[in-house]
Amino acid sequence: MNEKITLYFAKHKILFILLNLTYIIVLAKAFQMIAYPSADFSSALTFDRIHFMLFGLEDEIGGLMLTFYLAFVAIILSFIGGSLLGIARWSGIKIISIPATMFIELFRALPHIMVIFWVFFALPIFFGVFFGVKVTSSALTSAIIAFTLFESAHIAEIVRAGLNSIPKGQFEAAKTLGMNSWQVFIHIILPQAYRRMIPSILSQFVSLFKDTSLVYVIGVVEFFRAATIINNRIYMSFEILSFIAIVYFLCAFTLSKIATQLEKKVEKQLNS
Amino acid sequence: MSQNIIEMINVDKYYDTFHALKDVNFSVKKGEIVVVCGPSGSGKSTMIRCINKLEDFNSGDLIVDGKNLKDKSTNINKLRQQTGMVFQHFNLFPHKTILENITIGPIQVKKMAKEDADKLGMELLEKVKIPHQASKYPGELSGGQQQRVAIARTLAMEPDVILFDEPTSALDPEMIGEVLDVMKSLADENYTIVCVTHEMGFAKEVANRIVFMADGMILEENTPESFFENPKTERAQQFLSEIINHS
Amino acid sequence: MAYEFDWTVLITYKQLLIDGFMMTLKLSIIGIFFSFFIGIFVGLARVSNNFFLSLSGTYYVEFFRNIPLIVQMFFIYFSFTLTDAFPFLETFGNAIGVEHHNEFFSALIALITYTSTYVAEAIRAGIQSLPKGQMEAAKTIGMNYVQAMYHVVFPQALKMVWGPITSQFLNLIKNSSLAMTIGVAELTFQTQEIDSLTFRGFEAATAVTILYLFLTLATAYTMSLINRYALIKTQNNSGGTV
């Protein structure tokens, strides 16, 4: 019975999506009526407020746009940093692998919100103490630095796992062709390792996207903070927070579906 | 004349659009030993996996020991106690000892007491000639030993019918003999056996009937001597000549 | 201006650290316990043959996974007064020595829903990566779906994904820090508290980091003990048991 249903829906994908949408809308409405009967979405979500939450204020980037900006910049920086750290740790060359390991383990163990706080509050002090330089940090810069710190640690582990997953036979075969270690690494190991890492890195990006909400605590006016600012004025938390929950869900869900599609494409390439 | 314990009537099966079984009519008498052979992809595994409902079929009827598999009231778990299966890849439970692999069925399904089940298990291990392995884990045994344990596991449920799905195909050559010996001893014991295999020597020695399948259809059925000496269809002739050339 | 380290503030304000640690501990232990069992339940639903069950499981996982944890915490805390809707929470809260019930339970529930999705996915991956032959063999000796799951499939799957599940529990401990944003006085909150009282944030952060490390190491160790003594034994490649 269930196999038949699954097969039917695999063929009629549009019908399946419609069924899901109806089911979701029914569930959501039921939830709202039970949990919070007096919800008033239309007065809570005016055009101006939605605009603020999505785009921020007139003269600067904010809201959901800032969320995406922050996520993109952070993932690129942490990809670079994480690759260097991961390769350093994997290399086994003590002088670089030990500091790399210490960094990775420290920033993997710390709660992200703590790192965010401390970059914002401590960085000026840090620079003041050790370099004697007076630095003021903007919240956004601190956010980017903080994200780079802990995301690099996570990506370093993904890189290390990717490198470890290459079978020994690959090294041996390349060496028998006469390549030196450096050439083996660049031409044989790295490309294969990065292809295997793609799914994990993509899912780390979705994770980072969700984590952007944490910069709320240092005042960066991205999507979540924008919503709480509005909520503090109008005190309609159910409506506002439902709205951002749904938008976050749609963005993260779409991103992860795109990631899955990309994964499948890469797998096809690998196997053809 | 003994009753048909397995009766497959006009069975069709599709995997999506692939027609895996085409109007298959297959029956087995109680106590009979049937070998099913044919080129790979011919549907032999699919067919015997329909018998214990590991695969479903699209149309036709399948009656095992008088019970129709399409009937909603048929208790498939109970029916499966009567049909044992030995798999190509053994499928022993790696997290249980050899003895536990054999006794778990009687204890959990037949609600046998542990002491009785253990006694039965040891007897069966003696029968398949590896009693000293009782407290080891499957990973510690060779392929041939694992398959013999798998056979003992099936016997523990006291089935009427034993289905073999290429039981020796995954074994190293030197271990095939020990498994075939166990299977031959079962042939003397009134079990109904349906065996998908490429081991033609086994077929000649023990089978009452050989069924040749290709492309989802049963092309030929005969006694082993007649089949080997006088294959009627061209497909069968081709198949046999390839087997002989390779062995 | 140089920064003068003053580690004595940790002793003066050690009660804050202890309180924060206990709060984090409560969130973590209860959170881990419930996410484990709810995660197993949802994971089993996802792999079940029942279309409705597996669809509901998928809904649960996708919904609670894609919404940031902090948003979930805020949503529960600001939209509802939990103790009005569920009075037993107040009794429970008092029993475990928690004072601000609404904050605590809003954070706890969000932590549980969020983490259970990852546990569910791990369980699902474990069950699906097991060779189909295991379920088939169990069925051929007459076991029904429940027996086959309980005796054969689930034990093996759980063993396989014990590592990933441990990671998720460690994530829960770290994520408990988000509770501070709705006013739960857990460890990270206390870092800020001590800093605002003494301006010795660096020392506070060091102490708190050590405490988090201690908690995560203890949890990882406990999980490995459970692995050794309570889970099934499997062979590693050289024939030894693990």
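Residues numbered from 1 in each chain as written. Chains lettered and ligands numbered in written order. Predicted model: local features only at pLDDT ≥ 70, side-chain atom pairs only at ≥ 80, totals over all residues. Heavy atoms only, no water.

**Focus on the overall build of chain A**
Consideration 1: A count of helices and strands for chain A gives 12 helices and zero strands.
Consideration 2: Relative to the globule expectation of 19 Å for 272 residues, the C-alpha radius of gyration of chain A, 23 Å, shows a markedly less compact shape.
Consideration 3: For chain A, the residues scored as buried account for 42% of the 272 residues in total.
Consideration 4: Accessible area for chain A stands at about 15000 Å²; split by element, carbon and sulfur atoms hold 69% of it. (Helix = DSSP H or I, 4+ residues; strand = E, 2+ residues; numbered from the N terminus. Rg over C-alpha atoms; globule rule 2.2 N^0.38 Å. Buried < 20%, exposed > 50% of the residue type's maximum accessible area, 1.4 Å probe, protein only. Areas by Shrake-Rupley, 256 points an atom, 1.4 Å probe, with all protein chains shown as cover.)

**Quick notes on the environment of C:F75**
Consideration 1: The residue C:F75 is located in helix α4 (residues 69-79) in this model.
Consideration 2: For the pair formed by C:F75 and C:Y118, sequence separation is 43 residues and the distance between their alpha carbons is 20 Å.

**Looking at the environment of A:A146**
Residue and element names in this part refer to chain A.
Consideration 1: By the secondary structure assignment, A146 is in helix α8 (residues 139-164).
Consideration 2: A146 gets classed as buried once you look at its relative accessible area, which sits at 0%.
Consideration 3: For the pair formed by A146 and H112, sequence separation is 34 residues and the distance between their alpha carbons is 8.2 Å.
Consideration 4: Look past the residues within four positions of A146 in its chain and what remains in contact with it is V115, I116 and V119. (Contact = heavy atoms within 4.5 Å.)

**Quick word on the packing of aromatic side chains**
Consideration 1: Applying the stated criterion across every chain yields a total of 43 aromatic pairs over all chains.
Consideration 2: Centre to centre, the rings of A:Y36 and A:F238 are 4.5 Å apart; their planes meet at 5°, and the pair counts as stacked. Residue A:Y36 is found in the loop between α2 (13-35) and α3 (41-44), and its partner A:F238 is found in helix α12 (residues 237-271); the two are separated by 202 residues along the sequence.
Consideration 3: Here A:F238 falls in the buried class, since its relative accessible area comes to 2%.
Consideration 4: An aromatic cluster of three or more residues is present, and its members are A:F31, A:Y36, A:F41, A:F238, C:F75 and C:F80.
Consideration 5: The side chain of A:R225 reaches across the aromatic face of A:Y216, ending 5.2 Å from its centre. (Phe/Tyr/Trp six-rings, centres within 6.5 Å; stacked < 30°, edge-to-face > 60°. Lys NZ or Arg CZ within 6 Å of the ring centre and 35° of its normal.)

**Considerations on the sheet that holds strand β9 (residues 209-214) of chain B**
All names here are of chain B.
Consideration 1: Ordered by their spatial adjacency, six strands build an open sheet running β6-β7-β8-β3-β9-β10, and the pairing between neighbours is mixed. If you trace the sheet from one side to the other, it starts and ends with β6 (83-86) and β10 (217-222), each paired once. Each neighbouring strand pair of the sheet contributes to a mean axis angle of 20°, computed without reference to strand direction.
Consideration 2: As judged from the four bridges shared by strand β3 (residues 33-37) and strand β8 (residues 192-196), these two strands associate in the parallel manner. What sits directly across from V35, in β8, is C195. (Pairing = 2+ DSSP bridges. Axes fitted to C-alpha atoms, helices over the stretch in contact; angles between N-to-C directions.)

**Let's talk about unusual backbone geometry**
All names here are of chain B.
Consideration 1: Of note in the backbone geometry, F90 takes a positive phi value of approximately 60° without being a glycine.
Consideration 2: Inspection of the secondary structure assignment puts F90 in the loop between β6 and α3 (98-108).
Consideration 3: At D215, a residue that is not glycine, the phi angle is positive and equals roughly 55°.

**Here we look at the interface of chain A and chain C**
Consideration 1: Facing the 44 residues of chain A at the interface are 39 residues of chain C.
Consideration 2: For chain A, the biggest contributors to the area lost against chain C are A:M114, A:W118 and A:K210; these three give 17% of the whole.
Consideration 3: Taken together, chain A and chain C are joined by zero salt bridges.
Consideration 4: Summed over the shared surface of chain A and chain C, the number is six residue pairs in polar contact (both at pLDDT 80 or more).
Consideration 5: Where the side of chain A that touches chain C is concerned, the elements lending two or more residues are α1 (2-11), α2, α6 (94-109), α7 (112-131), α11 (223-234) and α12 of chain A.
Consideration 6: Broken down by element, the side of chain A that touches chain C gets its largest block of residues, 12 residues, from α12(A).
Consideration 7: A class-by-class count of the residues in the side of chain A that touches chain C yields 32 nonpolar, nine polar and three charged. (Buried area = accessible area lost by both parts, 1.4 Å probe. Salt bridge = Lys/Arg side-chain N within 4 Å of Asp/Glu carboxyl O. Polar contact = N/O pair within 3.5 Å; in protein donor to acceptor, adjacent residues only side chain to side chain. Nonpolar A, V, L, I, M, F, W, Y, C, P; charged D, E, K, R; others polar.)

**Observations concerning the domain arrangement of chain A**
Consideration 1: If you check the domain split of chain A, you get domain 1 (2-37) and domain 2 (44-271).
Consideration 2: Distance between the C-alpha centres of domain 1 of chain A and domain 2 of chain A: 33 Å. (Domains from an automatic or database assignment.)

**Looking at a positive patch on the surface**
All names here are of chain A.
Consideration 1: On the surface, K13, K257, K264 and K268 cluster together to form a positively charged patch.
Consideration 2: Among the elements that make up the positive patch, the one with the highest residue count is α12 (three residues).
Consideration 3: Following the sequence through the fold, K257 ends up in helix α12. (Patch = residues over 30% accessible without salt bridge, like charges linked within 9 Å, V, L, I, M, F, W, Y side chains within 5 Å. Lys, Arg positive; Asp, Glu negative; His and termini not counted. Charge placed at Lys NZ, Arg CZ, Asp CG, Glu CD.)

**Quick word on the packing of helix α5 (residues 63-91) of chain A against helix α10 (residues 181-211) of chain A**
All names here are of chain A.
Consideration 1: Contact pair α5 / α10: the axes reach a minimum separation of 11 Å and the direction vectors enclose 140°. Put simply, α5 runs oblique to α10. Note that α5 runs across α10; the crossing there is right-handed. The residues of α10 that touch α5, namely those facing T67, F68, A71, F72, A74, I75, S78, F79, S83, I87 and W90, are F185, I189, L190, Y194, I201, F205, L208 and F209. (Parallel < 35°, antiparallel > 145°, perpendicular 65-115°, else oblique. Left-handed = near helix turned anticlockwise from the far one by under 90°.)

**Topic: the sheet that holds strand β4 (residues 59-64) of chain B**
All names here are of chain B.
Consideration 1: The strand order across the open sheet formed by four strands is β2-β1-β4-β5, and the pairing between neighbours is antiparallel. Of all the strands in the sheet, just β2 (18-29) and β5 (67-68) have a single pairing partner and so form its edges.
Consideration 2: Pairing of β4 with β5 involves two bridges; the strand directions are antiparallel. What sits directly across from I63, in β5, is N68.
Consideration 3: Along the sheet face, helix α1 (residues 44-51) touches β1 (4-15), β2 and β4 and points at about 120° away from the line of β1.

**Looking at a nonpolar patch on the surface**
All names here are of chain A.
Consideration 1: A surface patch of nonpolar side chains, about 530 Å² in accessible area, is lined by I14, I17, L18, L21 and I25.
Consideration 2: Looking at the secondary structure, you find I17 in helix α2.
Consideration 3: Judged by its relative accessible area of 51%, I17 is exposed.

**Brief notes about the interface of chain C and chain B**
Frequently, the measure chosen for interface size is the accessible area that the parts lose on association.
Consideration 1: If you look at the interface, chain C gives 20 residues, while chain B gives 25 residues.
Consideration 2: Around 2000 Å² of area is buried between chain C and chain B when both sides are counted, 61% of it from carbon and sulfur atoms.
Consideration 3: If you sort the residues of chain C by the area they bury against chain B, C:T140, C:I141 and C:H151 come out on top, with a joint share of 31%.
Consideration 4: At the junction of chain C with chain B, the criterion picks out one salt bridge.
Consideration 5: Run the count over chain C and chain B and you get seven residue pairs in polar contact (both at pLDDT 80 or more).
Consideration 6: Elements with a minimum of two residues in the side of chain C that touches chain B: α8 (132-140) and α9 (145-160) of chain C.
Consideration 7: Of all the elements, α8(C) adds the most residues to the side of chain C that touches chain B, at seven residues.
Consideration 8: Considering only residue class, the side of chain C that touches chain B consists of seven nonpolar, 10 polar and three charged.

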